[in-house]
Amino acid sequence: MVIIAAVLGLVLGRYLRTFVQEFQGTDPVDGEFRRAVHATVHLRPTVILPPTMEVATGLVLALVAWRAGLPYLLFAVIGLVLAVIDWRTTRLPDAITLPAYPLVALTLLPTGELGRGLLGGAALAAVYGCLWVLRPQAMGLGDAKLAGLIGLACATLSWQAWLAAAFWGQLLGALYAVGLLVSKRGDRKTQFPFGPFMLLGALAGLCLG
């Protein structure tokens, strides 16, 4: 199962590379999304070096399949795509995040714990929603929407995974902010994409929970 997930990730990573490359943060998100879908559908598979996206996708899918199980692979793929796009553009496209809710919920249905997942998703979205209201300059509404998706996946696995995802997401983001201050590459008002750290926390939650 793990080997199959890794091979699937290596193949899928080539398509994900093409998809995320269309997001530059310079045009409306809807237009970039349509171009990304078109480019991916019409992709002629070729080998590109270094195969960074391909290897990353293979490793993430193998790790999630090993520690959490096959129902969580779709969430892992969507999370990887959103992390890369947010890092490149500081935007989390609703065109990806919102449709991911029913799709991820459908893949998690066989676990028998979707009810807990829905509760966890609502809870984590509420937490990040409050953070967005209190500090909109530091937390985007897209992060709150992403939080619901993370809470859905991690709470379906266990409440321990939910707590780990919430904790590690905040900790990793805080450590990066401290790193910016220490290296003098930013100050207290410097903004940076928080989604990748939330998703790294989710990966930790799935693997540790």
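A few points on the structure. (Residues numbered from 1 in each chain as written. Predicted model: local features only at pLDDT ≥ 70, side-chain atom pairs only at ≥ 80, totals over all residues. Heavy atoms only, no water.)

Here's the deal with the overall build of the protein
Helix and strand content of the protein: 9 helices and 0 strands. Relative to the globule expectation of 17 Å for 209 residues, the C-alpha radius of gyration of the protein, 17 Å, shows essentially globular dimensions. When the backbone C-alpha atoms are referred to their principal axes, the protein occupies close to 45 × 40 × 30 Å. Here the protein holds 209 residues, and the buried ones make up 44% of them. A total of about 10800 Å² of accessible surface is found on the protein, and carbon and sulfur atoms cover 70% of it. Charged side chains of the protein number 15 positive and 10 negative; the gap between the two group centres comes to 6 Å. (Helix = DSSP H or I, 4+ residues; strand = E, 2+ residues; numbered from the N terminus. Rg over C-alpha atoms; globule rule 2.2 N^0.38 Å. Buried < 20%, exposed > 50% of the residue type's maximum accessible area, 1.4 Å probe, protein only. Areas by Shrake-Rupley, 256 points an atom, 1.4 Å probe, with all protein chains shown as cover. Lys, Arg positive; Asp, Glu negative; His and termini not counted. Charge placed at Lys NZ, Arg CZ, Asp CG, Glu CD.)

Overview of the pattern of salt bridges
Oppositely charged side chains can form a pair if their charged atoms are brought close together. A complete count under the given rule lists 6 salt bridges for this structure. Here E113 ties to R116 by a salt bridge, and the two come within 3.6 Å at their closest N and O atoms. Since its relative accessible area comes to 23%, R116 is described here as partly exposed. Connected via shared salt-bridge partners are E22, D27 and R35. (Salt bridge = Lys/Arg side-chain N within 4 Å of Asp/Glu carboxyl O.)

Some details on empty space enclosed by the protein
Under the definition given, this model contains 1 cavity of 30 Å³ or more. Of the voids in this model, the largest cavity is the one considered here, and its volume is about 30 Å³. Taken together, L124, Y128, I150, A165, A166 and M198 make up the full set of residues lining the largest cavity. Counting only elements with at least two residues in the lining of the largest cavity, the list comes to α6 (114–134) and α8 (159–182). By residue class, the composition of the lining of the largest cavity is 6 nonpolar, no polar and no charged. (1 Å grid on protein atoms, 1.4 Å probe; cavity = no way out; pocket = protein on both sides within 12 Å on 5 of 7 lines; lining within 4 Å. Points joined across faces, edges and corners; volume = space filled by probe spheres on them. Nonpolar A, V, L, I, M, F, W, Y, C, P; charged D, E, K, R; others polar.)

With respect to helix α7 (residues 141–157)
Think of an α-helix as 3.6 residues a turn; residues three or four steps apart then line up on the same face. Along its 17 residues, α7 runs 25 Å from first to last C-alpha, staying within 8% of the 24 Å computed at 1.5 Å per residue. The element α7 is largely enclosed, with a buried count of 13 among its 17 residues. (Expected span 1.5 Å × (residues − 1).)

Section: the packing of aromatic side chains
Tallying each qualifying case throughout the model produces 11 aromatic pairs. Taken together, a centroid distance of 5.4 Å and an interplanar angle of 55° make the contact between F19 and F23 tilted. Each member of the pair, F19 as well as F23, carries the same accessibility label: buried. Site record: aromatic cluster; members linked through ring pairs are W87, Y176, F192, F194 and F197. (Phe/Tyr/Trp six-rings, centres within 6.5 Å; stacked < 30°, edge-to-face > 60°.)

Regarding the nonpolar core
One finds F19, V64, F75, I96, Y128 and I150 to be the most contacted residues of the largest nonpolar core, which totals 51 residues. Those elements that place two or more of their residues in this core are α1 (2–21), α3 (52–67), α4 (73–89), α5 (94–108), α6, α7, α8 and α9 (195–208). For this core, the leading source of residues is α4, giving 10 residues. When residues no more than four places from it in sequence are discounted, the contact partners of F19 are F33, A36, V37, T40, V81, I85 and I96. (Core = buried A, V, L, I, M, F, W, Y, C linked by side-chain atoms within 4.5 Å. Contact = heavy atoms within 4.5 Å.)

A closer look at the side chain of E54
By the secondary structure assignment, E54 is in helix α3. Accessibility expressed as a relative area gives 7% for E54, which makes it buried. When residues no more than four places from it in sequence are discounted, the contact partners of E54 are G9, L10, G13, R14 and R17.

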